[in-house]
Amino acid sequence: MPSTLQSIDPRTGERGASFDAVDVAAVAPAAEAAAVAARQPALADDARRADGLRRIADRLEARADEIVAVGGGETGLPEGRLRGELVRTTVQLRAFADFVVSGEHLGAIIDLPDPDAKPAPRPDLRRVLVPVGPVAVFGASNFPLAFSTVGGDTAAALAAGCPVVVKGHPSHPATGTLVASIAAAALADAGLPDGTFAHLLSGENEVGGALVDHPAIEAVAFTGSFRGGSALVERAARRGRPVPVYAEMGSLNPMVVTQGALRHGGHDIVSALAGSIATFAGQMCTKPGLVFVPSGAAGDAFARELADELAGREAEAMLSESIHAGFTAGLDRLGDVERLTPVLDADGDGFHHAPAAFRVRAGELAASPGVAEEIFGPAGVVVVYDSLDEIPALLEALGGQLTVTIHAADDEASALEPVVAAATRLAGRVLFGGVPTGVAVTWAMTHGGPWPATSAAGTTSVGLTAIERFQRPVTYQSAPQSLLPPALRDGNPLGIPRRVNGTLTRS
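One structure accompanies this document, and this report is about it. Everything numeric here is computed off the predicted structure, so don't read it as measured data.

**Section: the overall build of the protein**
Thinking step 1. Helix and strand content of the protein: 14 helices and 21 strands.
Thinking step 2. Against the compact-globule benchmark of 23 Å for 507 residues, the protein has a radius of gyration of 24 Å, which places it among compact chains.
Thinking step 3. Seen through its principal axes, the protein has C-alpha atoms that stretch 75 × 60 × 40 Å.
Thinking step 4. Considering the protein as a whole, with its 507 residues, one finds that 54% of them fall into the buried category.
Thinking step 5. Long-range contacts, defined as pairs at least 24 residues apart, comprise 76% of the intrachain contacts of the protein with a sequence gap of at least 6.
Thinking step 6. Accessible area of the protein: about 20,500 Å², with a carbon and sulfur share of 54%.

Quick look at the structure:
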């Protein structure tokens, strides 16, 4: 029997509208419809898919006021943040549309036959990327627009030519339902087949599990906790025919601050760091959770100033009751780690929490296991080190991360080489200065990293190359022209970029 989900305003705890939630019985029809859609010529039409993506973007913009109002009422996120997130959503939808129209997403490669090739004669080989098939997308709690119903995973999968079945996040049922209805209508008006997009609103793990299990699903995309993401990875591996899970599972995002950086601008680093920890109640997957600072007077002053900055900020609403509970449990796991900010009661009704700062010596990390676990919310731990030589081993002990940020002076470059090498082994993005919160939707962006930050270190969930998660290569050998995909035929009828005998050309 289907249950209901209620929209809850985390600022007040007040309950809003109720929405019907699906049960396991809804999974098979959605997945099977997606499997049928995956074989339809209309979905293989690049121009039609691009039109569908642009129509979604246009209609989201046309209803921006409504979307922002609904989203604010069940996430507690401020209007400015939601409007910015909506812009991000439309930008990435249109960027993928442009990419598809260019034909570059096909990755066409042709190696013409060469009887004199060494070590053996080479046949005619032609390679192209094709969609993997239906994709299950699990919406994120902390980005109700840009990483959820029609966020980056959905945009990338649709751009690749894959039907998408979204498991809507139970923390924002109103936003997800509204955005899904807009997307479904836009794709239908673009002439894309039934089953191209489906939205299954549910708070039940069984529904998500059944979606991963369904034999029509060829890939899974997830943004959320390590617990949730690793469970999906294990479940997908147990299928009779395993499928890849592209799970982004959070990160400590360590920041390294050197003596030189403190001499040249410690105050500015503190201000940026405090904002990164506290803004939007710290509910960002790239929030810096650990900050390595040198021992001594300058490092002590940095820690005190950070604590003062955070203590001066108001408590903000967290996204949901469960996230608030998880955050307080994370603080409890720190045990007797030195706290730099006062313990404050929750601010009024709803799910608020004030920012918190802690301090521990690097040598005590192993004895404080809670410090090396992500605390999703407005908290940061200052880790005091004695020598920069300690940093590479400290970083690598943390495991895979989405980001590592380094603040240093120009004259410390040579001493930083081992630190940069460790960061490169550890993270998908290495920053020099600034803070990691804020992930640009660009060609060069990597939003990923080794386990446990993600389940697929060779991929990104942000940027145009995110499409590659939902494609696979096929090579045709000595195929007749009439049976080749148009992208691989002589004369280049599509006029797209191709690599022929190693040379990039449009011929």
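**Here's the deal with the sheet that holds strand 20 (residues 498–500)**
Thinking step 1. As summarised here, the arrangement of the 5 strands in space is 19-4-3-20-21, forming an open sheet in which the pairing is mixed. In the strand order of this sheet, the two ends are held by strand 19 (471–477) and strand 21 (503–505), each with one partner. Mean inter-strand twist for the sheet, computed between neighbouring axes without regard to direction, equals 25 degrees.
Thinking step 2. Relative to strand 20, strand 3 (residues 109–111) runs parallel, the two being bridged by 2 bridges.

**A look at unusual backbone geometry**
Thinking step 1. In the segment running from Lys-118 into Pro-119, the intervening peptide bond is cis, with an omega of 10 degrees.
Thinking step 2. Here Pro-119 lies in the loop between strand 3 and strand 4 (125–131).
Thinking step 3. Residue Pro-452 is reached from Trp-451 by a cis peptide bond, and omega for that bond is 10 degrees.
Thinking step 4. With phi around 55 degrees, Ala-281 is a residue other than glycine that occupies positive phi space.
Thinking step 5. Even without being a glycine, Asn-501 presents a positive backbone phi close to 50 degrees.
Thinking step 6. When its relative accessible area of 42% is taken as the criterion, Asn-501 is described as partly exposed.

**Observations concerning the side chain of Glu-74**
Thinking step 1. Mapped onto the elements of the fold, Glu-74 is located in helix 4 (residues 64–75).
Thinking step 2. Buried charge without a partner: Glu-74 forms no salt bridge, and the closest opposite charge is Arg-11, 10 Å away.
Thinking step 3. Aside from chain neighbours lying at most four places away, what touches Glu-74 is Ser-7, Ile-8, Asp-9, Pro-10, Ser-171, His-172, Pro-173, Ala-174, Thr-175 and Leu-319.

**Quick look at the pairing of strand 11 (residues 290–294)**
Thinking step 1. Counting buried positions along strand 11 yields 5 of 5 residues, so the element is predominantly enclosed.
Thinking step 2. Residues Leu-290, Phe-292 and Pro-294 of strand 11 are buried on one face, and the alternating residues Val-291 and Val-293, pointing to the opposite face, are buried as well.
Thinking step 3. When strand 10 (residues 255–257) meets strand 11, the two strands line up parallel, connected through 2 bridges. What sits directly across from Met-255, in strand 11, is Val-291.
Thinking step 4. The β-α-β motif built from strand 10, the intervening helix 10 (residues 259–278) and the parallel element strand 11 has right-handed crossover chirality.
Thinking step 5. Note that strand 11 and strand 16 (residues 379–385) share 5 bridges and pair parallel. The partner of Val-293 across the bridge, within strand 16, is Val-384.

**Brief notes about the packing of helix 3 (residues 46–62) against helix 5 (residues 79–102)**
Thinking step 1. Taken N-terminus to C-terminus, the directions of helix 3 and helix 5 make an angle of 165 degrees; their axes are 8 Å apart at the nearest point. On the basis of the axis angle, helix 3 is roughly antiparallel to helix 5. The two elements helix 3 and helix 5 meet at a crossing, and its hand is left-handed. Here helix 3 contributes Asp-46, Arg-49, Ala-50, Leu-53, Arg-54, Ile-56, Ala-57, Asp-58, Leu-60 and Glu-61 to the contact with helix 5, which in turn contributes Leu-86, Thr-89, Thr-90, Leu-93, Arg-94, Phe-96, Ala-97, Asp-98, Val-100 and Val-101.
Thinking step 2. Counted by class, the contact of helix 3 with helix 5 contains 11 nonpolar, 2 polar and 7 charged residues.

Procedures and definitions
Residues numbered from 1 in each chain as written. Predicted model: local features only at pLDDT ≥ 70, side-chain atom pairs only at ≥ 80, totals over all residues. Heavy atoms only, no water. Helix = DSSP H or I, 4+ residues; strand = E, 2+ residues; numbered from the N terminus. Rg over C-alpha atoms; globule rule 2.2 N^0.38 Å. Buried < 20%, exposed > 50% of the residue type's maximum accessible area, 1.4 Å probe, protein only. Contact = heavy atoms within 4.5 Å. Areas by Shrake-Rupley, 256 points an atom, 1.4 Å probe, with all protein chains shown as cover. Pairing = 2+ DSSP bridges. Axes fitted to C-alpha atoms, helices over the stretch in contact; angles between N-to-C directions. Lys, Arg positive; Asp, Glu negative; His and termini not counted. Salt bridge = Lys/Arg side-chain N within 4 Å of Asp/Glu carboxyl O. Right-handed = clockwise from strand over helix to strand, strands pointing away. Parallel < 35°, antiparallel > 145°, perpendicular 65-115°, else oblique. Left-handed = near helix turned anticlockwise from the far one by under 90°. Nonpolar A, V, L, I, M, F, W, Y, C, P; charged D, E, K, R; others polar.

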